[in-house]
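Fold and contact review
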Amino acid sequence: MNSELIPTETGNQKFLQKLQVMGIDVHACFQCGRCSSGCPIGDFFDLQVMEVVRLASYGAEDILLQSKTIWLCAACETCATRCPNEIEIAGLMDVLRSLALKKRITPAEPRVPMLHRSFLDSVKHWGRTYEIGMLAGYKLRSGDLVGDMKLGLQMFTKGKLKLVPQGIKGKAEVRQIFSGKGKEYDR
Amino acid sequence: MKLAYYPGCSLEGSARDYDHSVRQLCRDMGIWLVEIPDWNCCGASSAHMTDHEIGMRLPIRNLMLAQQVGLDILVPCAACFQRLKAADQALRADPGYWDVKDYSSPPAIVHISSLLARDDILARIREKVSAPLQDLTLACYYGCLSLRNPRVTGAADWETPTTLERIVGAVGAEPVSWSHRTECCSGSLTLTRPDIAVRLVGDIVRAARRAGAKAIVTDCPMCQANVESRQLDLGQTEPGLPVFFATELVVAAISGSYPAAQQKAHLIDPALLNRFFSQAAPAGEGPR
């Protein structure tokens with residue numbers, strides 16, 4: 001754990017306002033540590049969940065956006081479920097990830113956003129997830145061409161992967177969702 | 001009973017067998033399913049984790065389509081269920097914000113296990129069982145998203161759920177008491193950080209073994225795929241624990257058969273089920 005002092009007066013006010021509007025009350029945290037103790041991925045984090053919440057209350061956006069934690073969080077919601085003050089910690093992680101992408105911060109775990117991107121490209125294109133296309137997109141983006149090759153082949157031979165994508169009729173509606181409809185109100 | 005049906009993308013792809021078992025079981029139970037016409041992906045974790053607007057508007061489109069069907073929605077996938085519930089909550093609070101004019105008759109969103117664990121449905125299952133899974137010890141595994149966050153899912157017993165135990169109990173199986181029922185398997189990281197998934201799946205499988213389970217049963221397609229596939233990387237000395245869908249087991253117990261096509265859907269050999277079904281009976285014993 002980093003023991004350097006973090007000045008609160010330099011905290012990012014815009015970030016704090018965004019959390020407030022979204023109803024994520026990070027100031028309600030009294031550092032009980034239930035979030036960190038129940039987190040299934042905590043062993044792999046560079047910032048523990050309770051540290052994320054405290055740093056967020058300082059408005060320490062930069063430290064948070066550069067962390068591995070925001071990308072390794074699996075959105076299992078154990079932290080937010082058990083928080084005695086009902087702080088929407090999983091929602092906080094969502095805000096941090098989307099901010100990091102928007103601000104083009106180099107992700108500390110680059111493969112994770114690559115997978116999200118490949119998944120969402122597939123949804124944007126077909127309206128539904130096309131697993132083979134999504135996987136191929138991820139493999140190309142990440143350069144991880146050999147990982148899970150055996151598993152992929154096994155799934156393929158078992159007929160678990162659909163060969164032909166099935167697009168929906170409302171593709172135009174779905175593309176509009178991705179085009180930023182309503183983004184002018186972005187909080 | 002008539003319900004709108006939202007299968008979700010997994011059930012069209014890698015979990016197609018889950019879709020078949022849900023549809024078959026609903027036929028057995030006299031439940032009519034009307035698939036929501038032209039449904040789209042709910043966005044799963046990837047959408048809400050990276051873009052709030054997209055994460056809401058994708059499931060909202062489905063809710064609008066379901067409203068036209070005018071029936072409550074049955075959802076077999078835990079992730080789809082949670083995303084539809086989140087969108088429903090946002091719409092109930094402020095439809096105008098999401099450019100929705102009328103959300104006056106919101107459909108109820110029902111996860112498969114809460115439907116099947118209803119007393120009347122359980123009674124119907126018990127009545128119809130032809131090949132009980134007598135004494136089959138099962139670790140009921142819920143994972144995350146049908147339960148958490150309860151402020152979204154509306155789950156009543158999010159730390160100590162019992163729906164799966166009641167369902168498999170109705171077909172004669174014996175649910176074990178164990179520690180990892182609602183732990184995360186890190187399905188969303190399984191491709192990008194397989195090392196994490198291997199650790200978490202290993203913990204889950206070892207806990208199930210300690211409790212004496214011979215197999216795991218779930219109602220989440222991501223858990224099913226992840227907990228079976230990552231066991232292949234554990235270097236286990238004993239055969240792995242197959243992960244069944246609850247619906248798969250109920251259909252088998254009702255029909256009295258567990259077809260080869262269904263067995264093939266597993267990455268871990270589910271042969272331990274064969275002893276319950278007549279076609280797998282040893283020669284000379286004849287069908288039960």
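Just so we're clear, the structure is a prediction, and the values are computed from it rather than from any experiment.

1. Structural notes on the overall build of chain B
- When its secondary structure is counted, chain B shows 12 helices and eight strands.
- The C-alpha atoms of chain B give 19 Å as radius of gyration, which agrees with the globular expectation for 288 residues (19 Å, within 12%).
- Seen along its three principal axes, the alpha-carbon backbone of chain B occupies a region of about 70 × 45 × 30 Å.
- Considering chain B as a whole, with its 288 residues, one finds that 56% of them fall into the buried category.

2. Description of unusual backbone geometry
- Of note, the amide linkage connecting R148 of chain B to N149 of chain B takes the cis form, showing an omega dihedral of -10°.
- By the element assignment, N149 of chain B lies in the loop between strand 5 (137-141) and helix 7 (150-153).
- One non-glycine residue, E77 of chain A, lies in the positive phi region at around 70°.
- Relative to the helices and strands, E77 of chain A resides in the loop between helix 5 (69-72) and helix 6 (78-82).

3. Some words on the interface of chain B and chain A
- Contacts between the two partners involve 44 residues from chain B, matched on the other side by 48 residues from chain A.
- When contributions to the side of chain B that touches chain A are tallied by element, the ones reaching two or more residues are helix 2 (44-50), helix 3 (52-69) and helix 9 (194-210) of chain B.
- With seven residues, helix 2 of chain B is the single largest residue contributor to the side of chain B that touches chain A.
- A per-class count over the side of chain B that touches chain A returns 19 nonpolar, 14 polar and 11 charged.

4. Description of the domain arrangement of chain B
All names here are of chain B.
- Here chain B is described as being made up of domain 1 (2-113) and domain 2 (131-280).
- The C-alpha-based centres of domain 1 and domain 2 are spaced at 23 Å.
- Counting from both sides, the interface comprises 23 residues of domain 1 and, opposite them, 25 residues of domain 2.
- Only helix 1 (16-28), helix 4 (78-93) and helix 5 (112-116) provide two or more residues apiece to the side of domain 1 that touches domain 2.
- Along the lines of polarity and charge, the residues of the side of domain 1 that touches domain 2 split into 11 nonpolar, nine polar and three charged.

5. Focus on the environment of M49 of chain B
- Along the polypeptide, M49 of chain B turns up in helix 2.
- Along the backbone, M49 of chain B and E12 of chain B are 37 residues apart, and their C-alpha atoms lie at a distance of 23 Å.
- Beyond its immediate chain neighbours, meaning those up to four positions away, M49 of chain B contacts A75, D94, R97 and H116 of chain A.

6. A word on the packing of helix 8 (residues 111-126) of chain A against helix 9 (residues 131-142) of chain A
Residue and element names in this part refer to chain A.
- Where helix 8 meets helix 9, the closest approach of the two axes is 8 Å, and the angle between their N-to-C directions is 145°. Crossing of helix 8 against helix 9: the hand is right-handed. Residues R111, M114, L115, R117, S118, F119, D121 and S122 of helix 8 pack against G133, M134, G137, Y138, R141 and S142 of helix 9.

7. Quick word on helix 1 of chain B
All names here are of chain B.
- For helix 1, which comprises 13 residues, the first-to-last C-alpha distance of 19 Å matches the rise-based estimate of 18 Å (1.5 Å per residue) to within 8%.
- Listed as buried for helix 1 are D17, Y18, D19, S21, V22, L25 and C26.
- Buried-residue contacts for helix 1 involve strand 2 (32-35), helix 5, helix 10 (221-229), strand 8 (243-245), helix 11 (246-255) and helix 12 (260-264).
- At the exit of helix 1 stands G30, carrying a positive phi of roughly 70°.

Conventions used here
- Residues numbered from 1 in each chain as written.
- Chains lettered and ligands numbered in written order.
- Predicted model: local features only at pLDDT ≥ 70, side-chain atom pairs only at ≥ 80, totals over all residues.
- Helix = DSSP H or I, 4+ residues; strand = E, 2+ residues; numbered from the N terminus.
- Rg over C-alpha atoms; globule rule 2.2 N^0.38 Å.
- Buried ≥ 20, exposed ≤ 12 C-beta atoms within 10 Å, placed from the backbone.
- Contact = placed C-beta atoms within 7 Å.
- Nonpolar A, V, L, I, M, F, W, Y, C, P; charged D, E, K, R; others polar.
- Domains from an automatic or database assignment.
- Axes fitted to C-alpha atoms, helices over the stretch in contact; angles between N-to-C directions.
- Left-handed = near helix turned anticlockwise from the far one by under 90°.
- Expected span 1.5 Å × (residues − 1).

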